Amino acid sequence: MKKPRIVIPEINQNIQNYMDAVRAAGMEPVAVSLQSEQLPQTYQQEYLDYSEMKVEDYDGLLLPGGGDINPVRYGQENQGSTMVVDVLDKLQFAVLDDFVKSGKPVFGICRGHQVINVYFGGTLIQHLPTSFRHARRLEDPDKVHRCLVNQGSWLAEIYGTEFFHNSAHHQAVDRFGENLVPDSYCPEDGTVEAMHHSILPVYSVQWHPERMCLAWEREDTVNGLPALQFFSRVCMEKMEKRMDDTDHGIMGDRMGL
């Protein structure tokens, strides 16, 4: 059976753990970058240049974690944003636009969660007053905290209405983008931990499921793989529907309908 092909757009970051988790969840990852900004060869990671990417050849988009978005994209001055890389913003917002306009599934992780919110017109808290609950230190592993999940949400179907996950961020969703719905939050400070789009197949989490599975599996959190397997099923359903629609179109043409 054909596996969904998933684009992961990134620049100058080792995304091997994302690619491993995507494969384990039943998908085929394809890293997309800009030719002049690709990773050093020491990472042994091959990239497709964005100029050569055709969205019709892929079944989904995964937006990975990383640094902060330039706040000019949501109409603010820099008030605590760090590690801003404008060329990465340009790449990821362009790829996201391609997939949204095509109606294909999107899954955002950490920075990707925030990119989705900004793309749909939302804003961010540039530095959480309670970042001590969420932000990791470079020398330390991810923080861990509890989240509460809205009943009936896609996330509740996977993990129930309360669970523990990792945390590695200092920014958060502030004003929601258009048609974005919160699915979970940190009960201690209200930080939005997951969302979905009410019309499009777009989902996001503020945490890192790829660092809670496989070699990164940990005892103090849930396993992150089921969240990515959910995304794989969404992509597969959309892929099969497109194939059915194509087959029906071909049969209609042959029958003169």
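See above for the structure.
A brief report on the enclosed structure follows. (Residues numbered from 1 in each chain as written. Predicted model: local features only at pLDDT ≥ 70, side-chain atom pairs only at ≥ 80, totals over all residues. Heavy atoms only, no water.)

**As for the pairing of strand β7 (residues 143-149)**
Regular strands place their side chains on alternate faces of the sheet.
Okay, step 1: As defined by bridge partners, β7 adjoins strand β8 (residues 162-167) across six bridges and the pair is classed as antiparallel. Across the sheet, Arg146 pairs through a bridge with Phe164, a residue of β8.
Okay, step 2: Looking at chain direction, β7 and strand β10 (residues 180-185) are connected through two bridges and run antiparallel. If you follow Val149 over to β10, its bridge partner there is Ser184. (Pairing = 2+ DSSP bridges. Helix = DSSP H or I, 4+ residues; strand = E, 2+ residues; numbered from the N terminus.)

**Side note on helix α3 (residues 111-119)**
Okay, step 1: With eight of nine residues buried, α3 lies mostly within the body of the structure.
Okay, step 2: Considered for burial, the residues of α3 that qualify are Arg111, Gly112, His113, Gln114, Val115, Ile116, Asn117 and Val118.
Okay, step 3: Directly after α3, the chain includes Gly121, whose backbone phi takes a positive value near 100°. (Buried < 20%, exposed > 50% of the residue type's maximum accessible area, 1.4 Å probe, protein only.)

**Re the layout of surface pockets**
Okay, step 1: In this structure, the largest pocket spans a volume of roughly 670 Å³.
Okay, step 2: Looking at the lining of the largest pocket, the elements that each hand over two or more residues are α1 (16-24) and α3.
Okay, step 3: For the lining of the largest pocket, the per-class residue count stands at seven nonpolar, twelve polar and five charged. (1 Å grid on protein atoms, 1.4 Å probe; cavity = no way out; pocket = protein on both sides within 12 Å on 5 of 7 lines; lining within 4 Å. Points joined across faces, edges and corners; volume = space filled by probe spheres on them. Nonpolar A, V, L, I, M, F, W, Y, C, P; charged D, E, K, R; others polar.)

**Considerations on the environment of Glu28**
Okay, step 1: With respect to the element layout, Glu28 can be found in strand β2 (residues 28-33).
Okay, step 2: Residue Glu28 is classed as partly exposed on the basis of its relative accessible area of 37%.
Okay, step 3: In sequence terms Glu28 and Ala135 are 107 residues apart; their C-alpha atoms lie 30 Å from each other.
Okay, step 4: The contacts of Glu28, once residues within four sequence positions are left out, are Lys3, Pro4, Arg5, Ile6 and Val22. (Contact = heavy atoms within 4.5 Å.)

**Some remarks on the environment of Met53**
Okay, step 1: Here Met53 shows up in the loop between β3 (48-49) and β4 (60-63).
Okay, step 2: Look at Met53 and you get buried, because its relative accessible area is 10%.
Okay, step 3: Leave out the neighbours within four places in its chain, and Met53 touches Val7, Val32, Leu48, Tyr58, Val95, Asp98 and Phe99.

**Let's talk about the side chain of Ser167**
Okay, step 1: Relative to the assigned elements, Ser167 resides in strand β8.
Okay, step 2: For Ser167, a relative accessible area of 0% corresponds to the buried category.
Okay, step 3: Only 3.5 Å separates the side chain of Ser167 from the side chain of His169, close enough to count as a polar contact.
Okay, step 4: Beyond its immediate chain neighbours, meaning those up to four positions away, Ser167 contacts Arg133, His134, Arg136, Asp142, Lys143 and His145. (Polar contact = N/O pair within 3.5 Å; in protein donor to acceptor, adjacent residues only side chain to side chain.)

**Observations concerning the packing of aromatic side chains**
Ring pairs (aromatic) are described by centroid distance and by the angle formed between their planes.
Okay, step 1: Under the defined criterion, the tally for this structure stands at nine aromatic pairs.
Okay, step 2: Seen in terms of ring centroids, Tyr159 and Phe163 are 4.8 Å apart; in terms of plane orientation they differ by 40°. Their pairing is tilted. Neither residue differs from the other here; Tyr159 and Phe163 are each classed as buried.
Okay, step 3: Consider the rings of Tyr203 and Phe230, whose centres lie 5.0 Å apart with planes at 90°: the pair is edge-to-face. Residue Tyr203 is found in strand β12 (residues 202-205), and its partner Phe230 is found in helix α5 (residues 225-254); the two are separated by 27 residues along the sequence.
Okay, step 4: On the basis of relative accessibility, which here comes to 15%, the residue Tyr203 falls in the buried class.
Okay, step 5: According to the relative accessible area criterion, Phe230 is buried, its value standing at 11%.
Okay, step 6: Chaining the aromatic ring pairs together yields one cluster made of Phe107, Trp154, Tyr203, Phe230 and Phe231.
Okay, step 7: In this structure, Arg73 is placed above the aromatic ring of Phe93, and the distance from its NZ or CZ to the ring centre is 4.5 Å. (Phe/Tyr/Trp six-rings, centres within 6.5 Å; stacked < 30°, edge-to-face > 60°. Lys NZ or Arg CZ within 6 Å of the ring centre and 35° of its normal.)

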